[in-house]
Structures are given as structure tokens and as C-alpha cells.
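A structural walkthrough
Listed below are the residues making up each chain.
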Amino acid sequence: MVAHCFGATTFTMALLAGLQGVRSAVISQTSAHVVVPAITRLKTGIHLPWLLDELGVKSLTAYVDKNADWKAKLLDHALRLYPIAADEECRSPVCHRITFLYALLYEHAQLNQATHLALHELFQFASIRAFEHIALIANKGHLVAFDGAEGTWIIWIAWRFPSPSFTAPRTPASCRRARR
Ligand SMILES: [Zn+2]
């Protein structure tokens, strides 16, 4: 099994919940302990997904429709101001949405033009409730259930990670957090 990003977090949760039949796994970028960039901490800290949910936003997408309503166009204009490294700036509203929704996921220098133009095909609709759960995990710094319950998860994480038969590459910060 090869699992990446929050797919890796989801896979980790499935493992900890007793998923059977997995002999080996490579978990990339994140797992049971989550360390997010400062801008993501800010968005989760102000409970942005829950705020959007209260405003009636039930899903988000990176797809930009040329005939979108004024609210979508306003969002795309606003996202031009979203902070990003100077060498990663571009004029694609799809790209701006991806970075807003998921953080900066790639280096533009590593993408050819065809891939850059097709990004909307890779990032479709995502439920706002999924973002609420991810934000909760990001705020806690480790796995919690959707309702915030964490007792069972912590016991399983302490017991299962790290394990000689399970190697999950982590960032130095998430490694330190896992050892606490
Ligand atoms: Zn771009």
C-alpha cells in the first residue's frame, strides 16, 4: 500500500481501527501526527471550515467555472491576495484555489504546462465536513475522531507507532511529536 497526504492519514486511521490484509505500507507526508504550515494553522485556528459550513458552504472545489456566480468570482479575486512564495506565484485561479484548500502542494518548476492546465481534473469536490475533520486533527496535532474523541486513538497510536514492521516517513517535527 502506498498512501499519501491526508489519504495517508485516512489509511492510518483505518489501520488503527483494525484494517486487515495489509502486509506493508509506505505512508507519505503525514500519518498519525500532523504538523501543518503556519498559514494552515491560522485557517484551522479560526475554525474556517466550520465557519464556511455555518455560511451554507457544504463542499469546495478547485474547479473554476467561467460562468460561475458572483460569489465564486469574488472568491477567485480574493484568492489572488492569498500569501504565497514569490517563486510559486501564477495566474491560474485553479492553482490559487488548490493552495487555499490544501496548502502549497507542488513546486511550479516541477510541473509542465499541460499538468498545470489539468490541475482542476485532479482536485474535484471535497466535502466541507472532511475539512472540518482535517482541521480538528491539525489543531490537535494528532488523530482524533470526527467528534473530537481521542482516548482510543491515542492508546492505539502509542501501541502501534513506531513499530519495527511499520516504517512511516515523517517530518522531523512530527517525529518529535510522535515521541512525546
Ligand atoms: Zn499555478
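Residues numbered from 1 in each chain as written. Predicted model: local features only at pLDDT ≥ 70, side-chain atom pairs only at ≥ 80, totals over all residues. Heavy atoms only, no water.

Turning next to the packing of helix α4 (residues 70-79) against helix α5 (residues 93-102). Contact pair α4 / α5: the axes reach a minimum separation of 9 Å and the direction vectors enclose 80°. The orientation of α4 relative to α5 falls into the category roughly perpendicular. Along its contact with α4, which presents Ala72, Leu75, Asp76 and Leu79, the element α5 presents Pro93, His96, Arg97 and Phe100. Its residues placed into classes, the contact of α4 with α5 shows five nonpolar, one polar and two charged. (Axes fitted to C-alpha atoms, helices over the stretch in contact; angles between N-to-C directions. Helix = DSSP H or I, 4+ residues; strand = E, 2+ residues; numbered from the N terminus. Parallel < 35°, antiparallel > 145°, perpendicular 65-115°, else oblique. Contact = heavy atoms within 4.5 Å. Nonpolar A, V, L, I, M, F, W, Y, C, P; charged D, E, K, R; others polar.)

A few words now on the packing of aromatic side chains. Both the distance between ring centres and the angle between the ring planes are used here to describe each pair of aromatic rings. Applying the stated rule across the entire model yields three aromatic pairs. With a centroid separation of 5.6 Å and an interplanar angle of 40°, the aromatic rings of Tyr102 and Phe123 are classed as tilted. Of this pair, Tyr102 sits in helix α5 while Phe123 sits in the loop between α7 (119-122) and β4 (126-127), and the two are 21 residues apart along the sequence. Accessibility expressed as a relative area gives 28% for Tyr102, which makes it partly exposed. Classification of Phe123 by relative accessible area gives buried; the value is 16%. In this arrangement the basic side chain of Lys43 is found over the ring face of Phe100, its NZ or CZ atom lying 5.0 Å from the centre. (Phe/Tyr/Trp six-rings, centres within 6.5 Å; stacked < 30°, edge-to-face > 60°. Buried < 20%, exposed > 50% of the residue type's maximum accessible area, 1.4 Å probe, protein only. Lys NZ or Arg CZ within 6 Å of the ring centre and 35° of its normal.)

In this model helix α8 (residues 128-140) runs 18 Å from its N-terminal to its C-terminal C-alpha over 13 residues, within 8% of the 18 Å that 1.5 Å per residue would give. Buried residues of α8: Ile128, Phe131, Glu132, His133, Ala135, Leu136, Ile137 and Ala138, and no others. With a side-chain oxygen lying 3.0 Å from the backbone nitrogen of Arg129, the N-terminal cap of α8 falls on Ser127. Immediately downstream of α8, the backbone of Gly141 shows phi near 90°, a positive value. (Expected span 1.5 Å × (residues − 1). Polar contact = N/O pair within 3.5 Å; in protein donor to acceptor, adjacent residues only side chain to side chain.)

The next subject is the pattern of salt bridges. Under the criterion given, the structure shown has two salt bridges. For Lys58, the salt bridge goes to Asp53, with nearest N and O atoms at 2.4 Å. The partner of Asp76 in a salt bridge is Arg97, with the nearest N and O atoms 2.7 Å apart. Note that Asp76 is positioned in helix α4 and Arg97 in helix α5, a separation of 21 residues in sequence. A residue is classified by how much of its surface remains accessible, and Asp76, at 12% relative accessible area, is buried. (Salt bridge = Lys/Arg side-chain N within 4 Å of Asp/Glu carboxyl O.)

Moving on to unusual backbone geometry. Phi is positive for Gln29, which is not a glycine, with a value near 80°. Secondary-structure assignment places Gln29 in the loop between β2 (26-28) and α2 (38-45). Relative accessible area serves as the criterion here: at 46%, Gln29 is assigned to the partly exposed category. Of note, the phi angle at His47 is positive, near 60°, even though the residue is not glycine.

Looking now at the side chain of Thr61. Position of Thr61 among the secondary structure elements: in the loop between β3 (59-60) and α4. Exposure remark for Thr61: the relative accessible area of 13% places this residue in the buried category. For Thr61, the side chain forms a polar contact with the main-chain nitrogen of Tyr63, separated by 3.0 Å. Discounting chain neighbours no more than four positions away, the residues touching Thr61 are Arg97, Leu101, Phe123, Gln124 and Phe125.

The subject of this paragraph is the coordination of the zinc ion. Coordination of the zinc ion by the protein comes from Cys90 (SG), Cys95 (SG), His108 (NE2) and His116 (NE2), over a distance range of 2.0 to 2.3 Å. Coordination at the zinc ion is tetrahedral, judged from the four donor atoms that bind it and the angles of 98 to 117° they form at the metal. All donor residues of the zinc ion come from one chain, and their arrangement in sequence is C-x4-C-x12-H-x7-H. Here His116 lies in helix α6 (residues 113-117) and Cys90 lies in the loop between α4 and α5, a separation of 26 residues in the sequence. A relative accessible area of 19% places His116 in the buried class. (Donors = N, O, S within 2.8 Å, 3.2 Å for Na, K, Ca; no water. Tetrahedral: all angles 85-135°; square planar, octahedral: opposite > 155°, others 65-115°.)

Worth remembering: the numbers are spatial, not functional.
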